[in-house]
Amino acid sequence: MGERLKRLFVPASRKEVLRQMEVNGMPALRSVCEVMVAEGWADSQVDSGEDWTSITITFAPERVFSYRLSPRQRPLAAYTALDAPEGRRSMTWMLSAQGGSDGRHRDLTGFSTEQITSDILTQLEAWRPR
């Protein structure tokens with residue numbers, strides 16, 4: 001609970017978010033990739049750049065699942081009417097996850113490796129055909 005409360009009031013830095021991506025995000029992506037390949041379920045690979053990392057799972061040429069982690073900046077929540085306009089708010093960084101069927105950005109800041117793995121699997125489950 002403490003880490004979650006801290007995120008409400010203390011802006012995360014880009015450096016911290018990149019550290020979380022390296023320490024928690026990369027192991028999560030690699031573990032999913034390794035299982036997919038070891039079980040022979042799909043071709044899978046993890047790629048990364050200076051400020052992003054992703055997993056691509058290819059079931060068939062026309063069936064490709066992609067999941068990406070990257071830092072993303074956003075304004076802090078407004079707690080008073082004076083702070084309400086976005087231009088007046090302080091900014092914070094978040095660990096953004098994007099992938100699956102909806103393509104929306106989700107805030108995974110402070111998530112453990114296990115929680116990120118769970119998010120990947122949840123998005124994969126929602127994406128796959130029924």
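For the structure, see preceding data.
Reading the values: the criteria
Residues numbered from 1 in each chain as written. Predicted model: local features only at pLDDT ≥ 70, side-chain atom pairs only at ≥ 80, totals over all residues. Heavy atoms only, no water. Salt bridge = Lys/Arg side-chain N within 4 Å of Asp/Glu carboxyl O. Helix = DSSP H or I, 4+ residues; strand = E, 2+ residues; numbered from the N terminus. Buried < 20%, exposed > 50% of the residue type's maximum accessible area, 1.4 Å probe, protein only. Expected span 1.5 Å × (residues − 1). Arc of directions from axis to C-beta. Core = buried A, V, L, I, M, F, W, Y, C linked by side-chain atoms within 4.5 Å. Phe/Tyr/Trp six-rings, centres within 6.5 Å; stacked < 30°, edge-to-face > 60°. Lys NZ or Arg CZ within 6 Å of the ring centre and 35° of its normal. Pairing = 2+ DSSP bridges. Axes fitted to C-alpha atoms, helices over the stretch in contact; angles between N-to-C directions. Contact = heavy atoms within 4.5 Å.

Asks: Help me understand the pattern of salt bridges, please; the structure alone is not making it clear to me.
Replies: Pairing is possible between side chains of opposite charge, provided their charged atoms come close. The tally for this structure, following the rule as stated, stands at 4 salt bridges. Across the pair arginine 19 and glutamate 16 runs a salt bridge whose closest N-O atoms are separated by 3.0 Å. Of this pair, arginine 19 and glutamate 16 both sit in helix H2 (residues 14–39), 3 residues apart, which is roughly one turn of that helix. Look at arginine 19 and you get partly exposed, because its relative accessible area is 43%. With a shortest N-O distance of 3.6 Å, aspartate 107 and arginine 74 are connected by a salt bridge.

Asks: What am I meant to see in helix H3 (residues 113–127) here?
Replies: The α-helix winds at 3.6 residues per turn, so residues separated by three or four positions along the chain end up facing the same way. End to end, H3 covers 21 Å across 15 residues, agreeing with the expected 21 Å (1.5 Å per residue, within 8%). Buried residues of H3: Ile116, Thr117, Asp119, Ile120, Gln123, Leu124 and Trp127, and no others. One side of H3 holds all its buried residues, which, seen down the axis, span an arc of 160°.

Asks: Honestly, the nonpolar core in this entry has me stumped. Any pointers?
Replies: Side chains that are nonpolar tend, in soluble globular proteins, to be buried together. Ile57, Tyr67, Leu69 and Ile116 are the most contacted members of the largest nonpolar core, which has 21 residues in total. Looking at which element gives the most residues to this core, the answer is H2, with 7 residues.

Asks: Mind showing me how you'd approach the packing of aromatic side chains here?
Replies: Any two aromatic rings considered together are summarised by their centre-to-centre distance and by the angle between their planes. Considering all chains together, one arrives at 2 aromatic pairs under this definition. By the ring-pair criterion, three or more aromatic residues cluster together here, those being Phe59, Phe65 and Trp127. The positively charged end of arginine 14 is found above the aromatic ring belonging to tryptophan 93, 5.5 Å away from the centroid.

Asks: Just to check I follow, could you spell out the pairing of strand E4 (residues 91–99) for this structure?
Replies: Residues in a regular strand project their side chains so that they alternate between the two faces of the sheet. Here 9 bridges tie strand E3 (residues 63–75) to E4, and the two strands are oriented antiparallel to one another. Each residue of the ladder has a partner; that of proline 71, found in E4, is leucine 95. Note that E4 and strand E5 (residues 105–107) share 3 bridges and pair antiparallel. Note that in E5 the partner of glutamine 98 across the bridge is histidine 105.

Asks: Teacher, can you tell me more about the sheet that holds strand E2 (residues 52–60) here?
Replies: Hydrogen bonds along the backbone pair up the strands of a sheet, which may run parallel or antiparallel. Spatially, E1-E2-E3-E4-E5 is the arrangement adopted by the 5 strands of the open sheet, whose pairing is antiparallel. Looking at which strands have only one partner, the edges of the open sheet turn out to be strand E1 (43–49) and E5. Between one strand and the next, the sheet's axes are offset by a mean angle of 25°, whatever the strand orientation. In the sheet, E2 pairs with E3 via 7 bridges, with the strands oriented antiparallel. Residue pairing in the sheet places alanine 60 in a bridge with arginine 63 of E3. Together, E1, E2, E3 and E4 form the strand contacts of H2, whose direction differs from that of E2 by roughly 20°. Of the strands in this sheet, E2, E3, E4 and E5 touch H3, which is tilted by about 130° from E3.

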